[in-house]
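Descriptive analysis of the structure
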Amino acid sequence: VVSMGEVKATQKRYLSNMKSEIKGYQIETCFGPSGCPNRAVISDDLADQIETIVKAEDLLGFLEQRVKGDLKFHHEFRVTLADCPNACSQPQIKDIGIIGACLPGLTEEACTLCEACVDACKEDAVVLDTADARPVIDEVRCLYCGHCIKACPTGTIDEGRKGYRIQLAGKLGRHPQLARELPGIYDESQVMEIV
């Protein structure tokens, strides 16, 4: 059991040391590099590349000029990467959110109508066209997670284009808002240009 006095002392230490921890930005990633089985893309180097760009911008100096009073963590510019649409790193509430995407594509391989792809899709984006013996993917519902690709035993559904969805201007605080998504899927070089 922690007393209120101990809680207040901890809060005071935290607030008094916060200024030394502020660097002007935060780069976060999901658990993907630790072996997450849901990864739609592998972006292990992307966070380091983004940090190099952001660090060069002297965001700390910018914030020190603009913010009245002591800087706090909520002032920092935040970029986060999620290797799949599960978005464990919460890209929807960051300044820049980057979400891995793997678009399913159809091959010429015959479909056995086993329904493995239908069962794997949590978004109901895959249905089977029994007349043509082919899966049909609803691009509006699809989140580009790649689960249908992994589930397809025949290779009828295969990896299409891989890349990233980009979300901008999400935030919490006094006036919260969810990020808005740029249309399209972007490769690493395009992500770097956007950042």
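Computed from a prediction, not measured in an experiment: that's the story for all the values here.

1. Thoughts on the pairing of strand β2 (residues 77–82)
- Here strand β1 (residues 25–29) pairs with β2 via five bridges, running parallel. Each bridged residue has a counterpart across the sheet, and for Tyr-25 the counterpart in β2 is Phe-77.
- Alignment of β2 against strand β3 (residues 96–106), held across four bridges, turns out to be parallel. Its bridge partner lying in β3, Ala-82 is registered against Ile-99.

2. What to know about empty space enclosed by the protein
- For the coordinates displayed, the defined rule picks out three cavities of 30 Å³ or more.
- Quantified by volume, the largest cavity comes out at close to 90 Å³.
- Lining the largest cavity are 13 residues, with Cys-121, Cys-142, Leu-143, Cys-145 and Cys-148 positioned closest to its centre.
- Residues that form the lining of the largest cavity fall into these classes: 10 nonpolar, two polar and one charged.

Conventions used here
Residues numbered from 1 in each chain as written. Predicted model: local features only at pLDDT ≥ 70, side-chain atom pairs only at ≥ 80, totals over all residues. Heavy atoms only, no water. Pairing = 2+ DSSP bridges. Helix = DSSP H or I, 4+ residues; strand = E, 2+ residues; numbered from the N terminus. 1 Å grid on protein atoms, 1.4 Å probe; cavity = no way out; pocket = protein on both sides within 12 Å on 5 of 7 lines; lining within 4 Å. Points joined across faces, edges and corners; volume = space filled by probe spheres on them. Nonpolar A, V, L, I, M, F, W, Y, C, P; charged D, E, K, R; others polar.

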